[in-house]
Amino acid sequence: MSGVPVTLLDEHKVPVDAWRHEEITEKDLTDWEANWRPVISDLVRGPRGANNPLLQSRYWDWRRKVKNHTTLADRGFTVVCQGKLQGMMLVTIGLGHRCHLPGQQDKDQVYIEYLESAPWNQRVIQDPPKYWGVGTALIRGAIDLSIQEGFKGRIGLLSLPQARDFYKQLGMIELASDADDKQLSYFEMSEKVAQMLLSHGLPGGGARK
Amino acid sequence: MTLNLTDAEMAVLEALCEKKELSKTTLIRQALRLYQVVELRLDKGDKLFFEDDKTKDKAEVLMI
């Protein structure tokens, strides 16, 4: 399966080669079930239990999500390093998802429905993470797709509380809380910041592409 | 693939492209995606409505 080469950083901040693919395959879902879920289950059974505030995506069923996102407007992405799944993302291209940021209001965007790094890559679970830059690599995939579709890099998403700092660090603007769930915040990236991210990498450093 | 559009259809296509700052190909892709999603929902038995943001009145979009 062809993909885009990306660079992650390992726990010692040494560059590591990885791949970003623009589909989520059965192999990826099997990898998720076999490798991510047991780690998450152990955390749920751990001392802080199911209410662990670090496990805000613990109920995410990627197999069901992929099954429910099979139209032309849906795209899946993965990041794979050394043959193992490190991150997944599902996006919707346009389809009524419009921007709210001044300067790009009402323009179409690529909307990130779900984005998750493997639990060993999440600093709130494992510090230092096994790999840095998985989330950024996925976001760059969404930006690339936005540009291909003529949306000039515009992307948006609803963020879980534990990820808000990550999206702010990327230069995304937090605009509002979700009307139905006040814990979720809507973030949007401007065309200008998207171009900067592609050209210069993460503001303040971090893994590129 | 060659697309044969009337003058009126072409005018709408060009106006939408200008409004949304999209190429014709991209816009038609978007239209196709939207059509597919609408069809899938209708096939499930769902109905398509527009809602007036101020009054919250709903008007069904009849799909025949």
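Residues numbered from 1 in each chain as written. Chains lettered and ligands numbered in written order. Predicted model: local features only at pLDDT ≥ 70, side-chain atom pairs only at ≥ 80, totals over all residues. Heavy atoms only, no water.

Novice: So what about the overall build of chain A? Which residues, and what values?
Specialist: Helix and strand counts for chain A stand at 5 helices and 9 strands. Secondary structure elements of chain A, listed N to C terminal, follow the sequence β-β-α-α-β-β-β-β-α-β-α-β-β-α. When burial is assessed residue by residue, chain A has 48% of its 209 residues classed as buried. Taking the intrachain contacts of chain A between residues at least 6 apart in sequence as the baseline, contacts between residues at least 24 apart amount to 63%. (Helix = DSSP H or I, 4+ residues; strand = E, 2+ residues; numbered from the N terminus. Buried < 20%, exposed > 50% of the residue type's maximum accessible area, 1.4 Å probe, protein only. Contact = heavy atoms within 4.5 Å.)

Novice: Could you give an account of the confidence of the model for chain B, with specific residues and numbers?
Specialist: Residues and elements named next belong to chain B. For chain B, the average pLDDT comes to 90, and 95% of its residues sit at 70 or higher. Strand β2 (residues 58-60) is the least confidently modelled element of chain B, averaging 83 in pLDDT, while helix α1 (residues 7-20) averages 95, the highest of any element. Scoring of the predicted complex yields 0.89 for pTM and 0.81 for ipTM. (pLDDT = per-residue confidence, 0-100.)

Novice: Break down unusual backbone geometry for me, with residues and values.
Specialist: Cis geometry marks the peptide bond from A:Asp127 to A:Pro128; its omega dihedral reads 5 degrees. Looking at the secondary structure, you find A:Pro128 in the loop between β5 (108-117) and β6 (131-132). The phi dihedral of A:Leu95 is positive, around 55 degrees, even though this residue is not glycine. For A:Leu95, the location among the structural elements is in strand β4 (residues 84-98). Residue B:Glu21 is not a glycine yet carries a positive backbone phi of 55 degrees. Locating B:Glu21 in the fold gives a position in the loop between α1 and α2 (24-44). Look at B:Glu21 and you get partly exposed, because its relative accessible area is 38%.

Novice: Outline the confidence of the model for chain A, listing residues and values.
Specialist: All names here are of chain A. Residues at a pLDDT of 70 or more form 90% of chain A, whose mean pLDDT is 89. Put simply, strand β8 (residues 173-177) is where chain A has its lowest mean pLDDT, 86, and strand β3 (residues 74-81) is where it has its highest, 98. Note that residues 203-209 has pLDDT below 50 and, in this model, 21 contacts with residues that lie over four places away or in other chains.

Novice: Explain the pairing of strand β1 (residues 4-10) of chain A to me, and be specific about the residues and the numbers.
Specialist: Residue and element names in this part refer to chain A. Sheet analysis places β1 next to strand β2 (residues 15-21), joined by 6 bridges and oriented antiparallel. Following the sheet pairing, Val6 is matched in β2 by Ala18. Pairing geometry for β1 and β6, over 2 bridges, is antiparallel. Opposite Leu9, over in β6, you have Trp132 as the bridge partner. (Pairing = 2+ DSSP bridges.)

Novice: Let's hear about helix α1 (residues 26-45) of chain A: which residues, and what values?
Specialist: Residue and element names in this part refer to chain A. A rise of 1.5 Å per residue sets the reference length of α1, with its 20 residues, at 28 Å; its end C-alpha atoms lie 27 Å apart and thus fit the reference within 8%. Where α1 bends most, the angle comes to about 35 degrees, and this point is Trp36, followed within four residues by the proline Pro38. If you check which residues of α1 are buried, you get Asp28, Leu29, Asp31, Trp32, Trp36 and Ile40. (Expected span 1.5 Å × (residues − 1). Bend = angle between axes of the 7 residues up to and from the residue.)

Novice: An account of the interface of chain B and chain A is needed here, citing residue identities and associated values.
Specialist: Note: interface size is frequently given as the accessible area lost on complex formation between the parts. The partner chain A presents 14 residues to the 11 residues of chain B that form the contact. Both faces combined, the contact of chain B with chain A buries some 1100 Å², and carbon together with sulfur accounts for 47% of it. Summed over the three residues of chain B that lose the most area to chain A, namely B:Glu21, B:Gln30 and B:Arg33, the buried surface amounts to 44% of that side. Inspection of the chain B/chain A interface yields 4 salt bridges. (Buried area = accessible area lost by both parts, 1.4 Å probe. Salt bridge = Lys/Arg side-chain N within 4 Å of Asp/Glu carboxyl O.)

Novice: Give a detailed account of the packing of helix α3 (residues 134-148) of chain A against helix α5 (residues 191-200) of chain A, specifying residues and quantitative values.
Specialist: All names here are of chain A. Packing of α3 against α5 leaves a shortest axis separation of 10 Å and a crossing angle of 120 degrees. Classified by the interaxial angle, the pair formed by α3 and α5 is oblique. Two packed elements cross with a definite hand, and for α3 against α5 that hand is left-handed. Two secondary-structure elements touch here, α3 through Ile139, Arg140, Ile143, Asp144 and Ile147 and α5 through Ala194, Gln195, Leu197 and Leu198. In the contact of α3 with α5, the residues fall into 6 nonpolar, 1 polar and 2 charged. (Axes fitted to C-alpha atoms, helices over the stretch in contact; angles between N-to-C directions. Parallel < 35°, antiparallel > 145°, perpendicular 65-115°, else oblique. Left-handed = near helix turned anticlockwise from the far one by under 90°. Nonpolar A, V, L, I, M, F, W, Y, C, P; charged D, E, K, R; others polar.)

Novice: If you had to explain the nonpolar core to someone new, which residues and values would you point to?
Specialist: Residue and element names in this part refer to chain A. Grouped together as the largest cluster of nonpolar side chains are 37 residues, with contacts concentrated most on Ile112, Ile139, Ile155, Tyr167 and Met189. With 7 residues, α3 is the largest single contributor of residues to this core. Discounting chain neighbours no more than four positions away, the residues touching Tyr167 are Leu115, Ile139, Leu157, Ser159, Met172 and Phe187. Ranked by size, the runner-up nonpolar core spans 15 residues in total, among them Leu29, Trp62, Met88 and Ala118. (Core = buried A, V, L, I, M, F, W, Y, C linked by side-chain atoms within 4.5 Å.)

Novice: Describe in detail the sheet that holds strand β7 (residues 155-159) of chain A, supporting the description with residues and values.
Specialist: In a beta sheet, neighbouring strands are held together by backbone hydrogen bonds and run either parallel or antiparallel to one another. Reading across the sheet, the 9 strands line up as β6-β1-β2-β3-β4-β5-β7-β9-β8 (chain A) and stay open at both edges, with mixed pairing between neighbours. For this open sheet the edge positions go to β6 and β8 of chain A, each flanked by a neighbour on one side alone. Judged from the 8 bridges that link them, β4(A) and β5(A) form a sheet pairing that is antiparallel. Residue A:Arg98 lies in a different strand from β5(A), and its bridge partner there is A:Asp108. Contacts between α2(B) and the sheet are confined to β3, β4 and β5 of chain A, with β4(A) contributing the most and set at about 95 degrees to the helix.

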